[in-house]
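Architecture at a glance
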Amino acid sequence: MKTKRLLKKQRTLTVALLRRIMLVTLLLNMSQISTWAKEDPTNSITKVHATNLTAVQPSVEFVPITYNEVTLSRTHSFNSFYTLNLLGVAFMPDNGLYYVSSGGSSSYVISTIHEDGTLIAGTPASSIDKRGIWYNPTTGNIEIQGYASSYLATVTIGSDSLVASETQIPGFVLETMVNSQSAFAFDFDDYELIQYNSGTIRRYSRADGSFLGTIDLTIPSGSSIASSSIGYTGILNQEYAIFDKTNSRILMYSKASHALTQVVKFDEPISIWDYGFSYTDGVFFLSNGATAVGFRYISDKLSGNQKVNVGATDSIISSIEYADSIISWELKKGEEEWTTLPVTGTTITHLYDEVNQWTFRISYFFEGDTMLSNEVTVQSKYAQTITFDSLVEMAMTDEDQTLIASANSGSDIIYSSSNESIATIVTGKVHPVGVGSCTITASAAENQLYWAAEDQTHEVTIKSQGQTITFNALSSKIFGDADFEPGATTTSNLVMSYSSSDNSVATIVEGKIHITGAGTCTIYADQQGNTTYAAAKQVSQELTVNKADATITLGSLSATYDGDAKTASATTNPADLNVDFTYDGSS
């Protein structure tokens, strides 16, 4: 493909050279021309580009051209494990692989494919009939959207780079979906889901699915666009991409103005490629249901950190293929005028020496005779750091522990607990709630001068309060004595529990010792603790129960002699004791 583009570039060199001569002559006046064109709406420009960078030819009547046209060549060709219903493609930057979804049944797979088209594997889905698929750079995951429902799921990629599982995203409920067959796209800049339906883009919050509004597009007459034919590019003023299957072209619209700014065509017939459409990693993918073909869109993309620290030196990198096609690099600091930077290639390195907003703009030729430009904005602020003193172990009955943390910005510190059933934050102090460990986090928010600080954390452990049992010696008892209190106490003032080593001597009845016989046993005193106090160490005392004195009362001791033997009677206390009778020493 690159050889083909080089040949095309050579064929257009003469035209391009002439245009460059005129453009370079006028580059120094571009900002004035752009300003003049804005101030005088009756004047027009020869081309309207991504950032209104204009080329002017003297002594020519200016006729507006509302959009550019480019023609692309195929760069990718993918087959999935299912030969039908191939819908969308998502690129995973972490492993450099593509994930291709097939719709129509929840049993259809997500295929893992190498950039060269090698089919690695297909993993069946568990519960979703898929439509849209994309990579979410915020979460670092592939996500899928289901047919005719509010189902949105995270696709977990295993260590083998295959799909391991799909998990429904909690809290997401799509509001007022208008076409059950729609394949959504993901606007990663504004964290929105976008849906195409009958000339309108419908916007939904990716966070919770709430409906955010509509964008009406002016669709060229004769176009035919399916509900699965929308993509999001993130390219300035070409953010929304709509596939027109009737005319085999991609219509690109500005997010800011909603105007058609670019038309993308192809150098091969693609009339049958109308089943699925997606944009990922700079490539447009079209599907006929069995195969997805990709066309890399060579419109420049500026990459680099968009949040930098004051004092840092960082680079902005352009993705254009031909460095010699760059017309200019420009820089605007805050609301100041644009300044021209030296063109040293596809990378600009800059020292961010103050808090400000810096906008970089690159202008270049594309396909020989089309001039495009792109911008990226970088914000610089001071780095904010937090110093957070460590925490000491606490007991449940301890006083709240003061948190000591500070930020180099002087900003207020915000504290939070990872488990409020263990500890909460009360007026800048740790307040123990339950036994266990949790993490206390110190945070400092972003402000006008400083970036948000990296959170600092410490673990705090809340232990139970100890308690001690006092259990005095038990006095000896006599069998028959009444139930009595054991008399043990604990420093926690919690209720005591008791037990006996020998229930034939004594048992515990309603917290009291109940004597059941003479002998010796051990009485144990325990306290099991609660959410505040730990269990106490068991304490024991020995109990001795002596035998009680018995009495015998004789009866039937008087009788009249009649020659028969007479029997005496005896009553015992306690009752029913065995009594042996003797008479003058004889039984």
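For the structure itself, look to the data block above.
Residues numbered from 1 in each chain as written. Predicted model: local features only at pLDDT ≥ 70, side-chain atom pairs only at ≥ 80, totals over all residues. Heavy atoms only, no water.

1. Regarding the packing of aromatic side chains
For the record, the criterion: For Phe, Tyr and Trp, where Trp contributes only its six-membered ring, two rings pair if their centres lie within 6.5 Å, and the inter-plane angle classes them as stacked under 30 degrees, edge-to-face over 60, or tilted in between. The helix and strand labels rest on DSSP assignments: H or I over at least four residues marks a helix, E over at least two residues marks a strand, and numbering proceeds from the N terminus. Lysine NZ or arginine CZ positioned within 6 Å of the ring centre and within 35 degrees of the ring normal marks a charge as sitting over the ring.
Per the counting criterion, the structure on display carries 17 aromatic pairs. Taking the centre distance of 5.5 Å and the plane angle of 40 degrees together, the rings of Tyr382 and Tyr450 count as tilted. Here the residue Tyr382 occupies a position in the loop between strand E29 (370-381) and strand E30 (386-388), and Tyr450 occupies one in the loop between strand E37 (436-443) and strand E38 (456-463), the gap between them amounting to 68 residues. Through a chain of ring-to-ring contacts, three or more aromatic side chains come together here, namely Phe243, Phe277, Tyr279 and Phe284. Taking the ring centre of Trp451 as reference, the NZ or CZ of Lys381 above it sits at 5.2 Å. When the ring centre of Phe484 is taken as origin, the NZ or CZ atom of Lys477, which lies over that ring, is 4.3 Å away.

2. Regarding the environment of Ser161
The test is simple: It only takes one pair of heavy atoms within 4.5 Å for two residues to be counted as in contact.
Within the secondary structure layout, Ser161 lies in the loop between strand E9 (152-157) and strand E10 (163-168). Considered as a pair, Ser161 and Asn95 are 66 residues apart in the sequence and their alpha carbons are 7.3 Å apart. Apart from residues lying up to four places away in sequence, Ser161 is in contact with Asn95, Leu97, Tyr99 and Thr112.

3. Quick look at the sheet that holds E38
Test applied: What makes two strands pair is DSSP finding at least two bridges between them.
Strand order in the open sheet made by the 4 strands is E31-E38-E37-E34, with mixed pairing throughout. In this open sheet, the two edge strands, each paired with only one partner strand, are strand E31 (394-395) and strand E34 (414-417). Sheet topology places E34 next to E37; 4 bridges connect them, and they run antiparallel. Counted as the bridge partner of Ile414 is Ser443 from E37.

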